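# Remarks on the overall topology
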Amino acid sequence: MTDKNQNEKKQIYEAVRLFLERIGEDPNREGLINTPDRVERMLPEILGGYQEDLSGIVNGAVFHEPSDGIVLVRDIEFYSLCEHHLLPFFGTAHVAYIPDGKVIGLSKIPRIVDMFSRRLQLQERLTRQIADALDTSIAPAGIAVYVEASHLCGIMRGVRKERARLVTSAFRGVFLSDVEKRRDFYTQIKKDEADD
């Protein structure tokens, strides 16, 4: 481990101890004595998206394939941290595209969602970043991204509305210009609800 990494770990450790003291806790009591270490080890896991980039995620998994139908990955679970309150928000993303001669490996779409969600975020930005990343990777004829999430900053504090969920969407290409394509996308992401 480099001196820089050791210094960063120490700074996080000290910041967590200071936080515990400032809220009136004793960082030396049994239940909290290892909390600064746990938080320091947790942060790279939940904020690991800063250590990833799009080219590393895609890693050449783009294939030439003629197709004109919707390619959809539904129900991609994610979690993130609201950049305004550092509280979690979590939900599902549905990501679709209409190929224009190229397709991307199936696992790459959930990994793109993970990369951007594992950063301090706004849901609106997260939705746009997913669409932009897919556009950069394969330049499809159309992109549709629909994200629905619960935000603990609106559940635990503030308005305290437990069932409120934020819905955001981003459309590119034919999904933006063709109402029927957009309607087909919405039908496909809601299919299970209709079947129940």
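Conventions we followed
- Residues numbered from 1 in each chain as written.
- Predicted model: local features only at pLDDT ≥ 70, side-chain atom pairs only at ≥ 80, totals over all residues.
- Heavy atoms only, no water.
- Core = buried A, V, L, I, M, F, W, Y, C linked by side-chain atoms within 4.5 Å.
- Buried < 20%, exposed > 50% of the residue type's maximum accessible area, 1.4 Å probe, protein only.
- Helix = DSSP H or I, 4+ residues; strand = E, 2+ residues; numbered from the N terminus.
- Contact = heavy atoms within 4.5 Å.
- Salt bridge = Lys/Arg side-chain N within 4 Å of Asp/Glu carboxyl O.

### Focus on the nonpolar core
In terms of nonpolar packing, the biggest core is built from 30 residues, with Phe78, Val95, Tyr97, Ile104, Ile109, Leu134 and Val145 touching the most fellow members. At the level of elements, helix 3 (54-58), strand 2 (71-82), strand 3 (88-98), strand 4 (102-104), helix 4 (108-117), helix 5 (123-138) and strand 6 (142-151) are the ones that each hand at least two residues to this core. Top element by residues in this core is helix 5. It accounts for six residues. Ignoring any residue separated from it by four or fewer positions in sequence, one finds phenylalanine 78 in contact with Phe89, Phe90, Gly91, Thr92, Ala93, Val113, Ser117, Leu126, Val147, Glu148 and Ala149. Of all hydrophobic cores here, the second largest spans eight residues; its members include Ala96, Ile98, Ala144 and Ile189.

### Here's the deal with the pattern of salt bridges
Two side chains with opposite charge may pair up if their charged atoms get near one another. Tallying each qualifying case throughout the model produces seven salt bridges. The salt bridge involving glutamate 40 is made with lysine 9; its shortest N-O contact spans 3.7 Å. Linking glutamate 40 in helix 2 (residues 35-46) with lysine 9 in helix 1 (residues 3-22), this pair joins segments that are 31 residues apart in sequence. For glutamate 40, a relative accessible area of 12% puts it in the buried group. Given a relative accessible area of 30%, lysine 9 falls into the partly exposed group. Between glutamate 25 and arginine 29 there is a salt bridge, with the nearest N and O atoms lying 2.9 Å from each other. We classify arginine 29 as partly exposed; its relative accessible area is 38%.

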